[in-house]
Amino acid sequence: MSEQEDRNFFDTFMMVLAALIVFTVVIYAISNMVANRTIADRHVQTVDAQSQLAERIRPEGRLCLKGQEEECEVDIATVDPVSDEDDAVAEAEGEVDGQQVYNQACTTCHGQGVAGAPVTGDDGAWAARLDKGYDTLLEHSIEGFQGDAGYMPAKGGNPNLSDEQVAAALDYMLEQVD
Ligand code: HEC
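Per chain, residues are indexed from 1 in the order of the written sequence. Only residues with pLDDT of 70 or above have their local features reported here, since the model is predicted, and side-chain atom pairs are shown and tallied only from 80 upward, although totals for entire chains, interfaces and linings are computed over all residues. For the side-chain quantities, the full set of heavy atoms in the structure was used; hydrogens and water were omitted.

The chain is annotated in an unreviewed UniProt entry as Cytochrome c5 of Natronospira proteinivora.

Encoded structure:
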């Protein structure tokens, strides 16, 4: 190769190299722009998606105790206690079903005479107890009673029962005795 040819080759080579460098810089700038925009989009999406997800998996109910008003964002004082609703439902339904309460809370012991409990419908077992008078029996049903035969737990061990429900169950029990 002549010296002239070398020169030509070198010039061309340098031009191509310069073009490649310019090209690289341009590509780099463009990709940077695109990437920035995508990242900004994705960031918005993530924040959005996160709050939507949190909303979707939010628990239905929440247990808020007194003193946690701030975290729970409710004013406990304005929340009706559930028992009020229960009472309202019971009132709306009219009479408490004594047999139902009995089956739920008393029959465990009084059905078979477990732990010394007088068996429901056993006239002999109930005669002496009936002599105590209804008020005493009701009091013993609600507050509990330690007798010679055994221990009768208050409300049959169901503190959630209302006095009316226990009374209804007692009435049902006494109806089974002649
Ligand atoms: C865990 C067992 C148990 C359950 C549940 C239970 N009782 Fe009794 N109950 C007893 C026993 C034991 C006695 C006998 C106590 C004694 O006289 O020594 C008794 C006695 C009684 C008496 C007679 C009390 C007296 O003064 O002689 C009444 C009335 C009575 N129960 C009502 C109820 C009613 C109403 C329920 C359901 C709400 C109930 N009991 C549920 C164990 C139970």
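1. Here we look at the overall build of the chain
Elements are defined by DSSP. Helices are runs of H or I of four residues or more, strands are runs of E of two residues or more, and each kind is numbered from the N terminus. Secondary structure assignment for the chain yields eight helices and two strands. The proportion of buried residues among the 178 residues of the chain is 17%. Looking at the chain alone, contacts between residues at least 24 apart form 46% of all its contacts between residues at least 6 apart. When the accessible area of the chain is evaluated, it comes to approximately 13,800 Å², of which 56% is carbon and sulfur surface. Here the term buried applies to any residue with accessible area under 20% of the maximum for its type, exposed to any over 50%, and partly exposed to those in between, with areas from a 1.4 Å probe on protein chains only. Contacts were defined at the residue level, with two residues in contact if any of their heavy atoms lie within 4.5 Å. Surface accessibility follows the Shrake-Rupley procedure with a 1.4 Å probe radius. Residue values consider only the protein chains on display as shielding.

2. Describing helix α8 (residues 163–175)
Within an α-helix, residues lying three or four positions from one another point in the same direction, as the helix has 3.6 residues per turn. Helix span is expected to be 1.5 Å times the residue number reduced by one. Look at α8: 18 Å from first C-alpha to last across 13 residues, which is about the 18 Å you get at 1.5 Å a residue. Among the residues of α8, V166, A167, A168, A169, L170, Y172, M173 and L174 are the ones counted as buried. Of the surrounding secondary structure, the elements contacted by the buried residues of α8 are α4 (98–105), α5 (107–110), α6 (123–131) and α7 (134–143).

3. Remarks on the side chain of H140
Among the structural elements, H140 can be located in helix α7. On the basis of relative accessible area, H140 is assigned to the buried category, the value being 18%. Those residues in contact with H140 that sit more than four places away from it in its chain are K132, F145 and M152.

4. Thoughts on the pattern of salt bridges
Close approach of charged atoms allows side chains of opposite charge to pair. Here, a salt bridge means any Lys or Arg side-chain nitrogen found within 4 Å of an Asp or Glu carboxyl oxygen. A complete count under the given rule lists two salt bridges for this structure. Salt-bridge contacts for R58 lead to E55; the nearest nitrogen and oxygen are separated by 3.6 Å. For R58, a relative accessible area of 49% corresponds to the partly exposed category. For D163, the salt bridge goes to K155, with nearest N and O atoms at 3.1 Å.

5. A short note on the nonpolar core
Among the nonpolar cores identified, the biggest contains 17 residues, and Y102 and C106 are the most heavily contacted of them. Taken together, the elements giving at least two residues each to this core come down to α4, α7 and α8. With seven residues, α8 is the single largest residue contributor to this core. When sequence neighbours within four positions are dropped, the list of residues in contact with C106 reads V101, G111, A169 and M173. What makes a nonpolar core is a set of buried Ala, Val, Leu, Ile, Met, Phe, Trp, Tyr and Cys residues whose side-chain atoms join them at distances within 4.5 Å.

6. Focus on the packing of α7 against α8
Orientation is described by lines fitted to C-alpha atoms, with helices fitted over the stretch in contact, and by angles between N-to-C directions that extend from 0 to 180 degrees. Remark: α7 packs on α8, axes separated minimally by 10 Å, with the N-to-C direction vectors making an angle of 125°. Overall, the two elements α7 and α8 adopt an arrangement that is oblique. Classified by chirality, the crossing of α8 by α7 is right-handed. Mapping the contact onto sequence places Y134, L137, L138, S141 and I142 in α7 and D163, V166, A167, L170, D171 and L174 in α8. Under this scheme an angle from 65 to 115 degrees is roughly perpendicular, one under 35 degrees roughly parallel, and one over 145 degrees roughly antiparallel; angles in between are oblique. Handedness of a crossing is defined here by the sense of rotation of the near helix relative to the far one, left-handed for an anticlockwise turn of less than a right angle and right-handed for a clockwise turn.

7. Brief notes about the coordination of the iron atom of the ligand
In an ideal tetrahedron of four donors about a metal, each angle is 109.5 degrees. In an ideal octahedron of six donors, the angles are 90 or 180 degrees. With water excluded from the atoms, a metal site may look incomplete; its donors are any N, O or S atoms within 2.8 Å, or within 3.2 Å for Na, K and Ca. Surrounding the iron atom of the ligand are the protein donor atoms H110 (NE2) and M152 (SD), at 2.0 Å. In short, tetrahedral needs four donors with all angles between 85 and 135 degrees, square planar needs four and octahedral six donors with opposite donors over 155 degrees apart and all other angles between 65 and 115, and whatever is left is irregular. Relative to the metal, the six donor atoms surrounding the iron atom of the ligand lie at angles of 88 to 179°, and the coordination shape comes out octahedral. Of the two residues, H110 is situated in helix α5 and M152 in strand β2 (residues 151–152); the sequence distance between them amounts to 42 residues.

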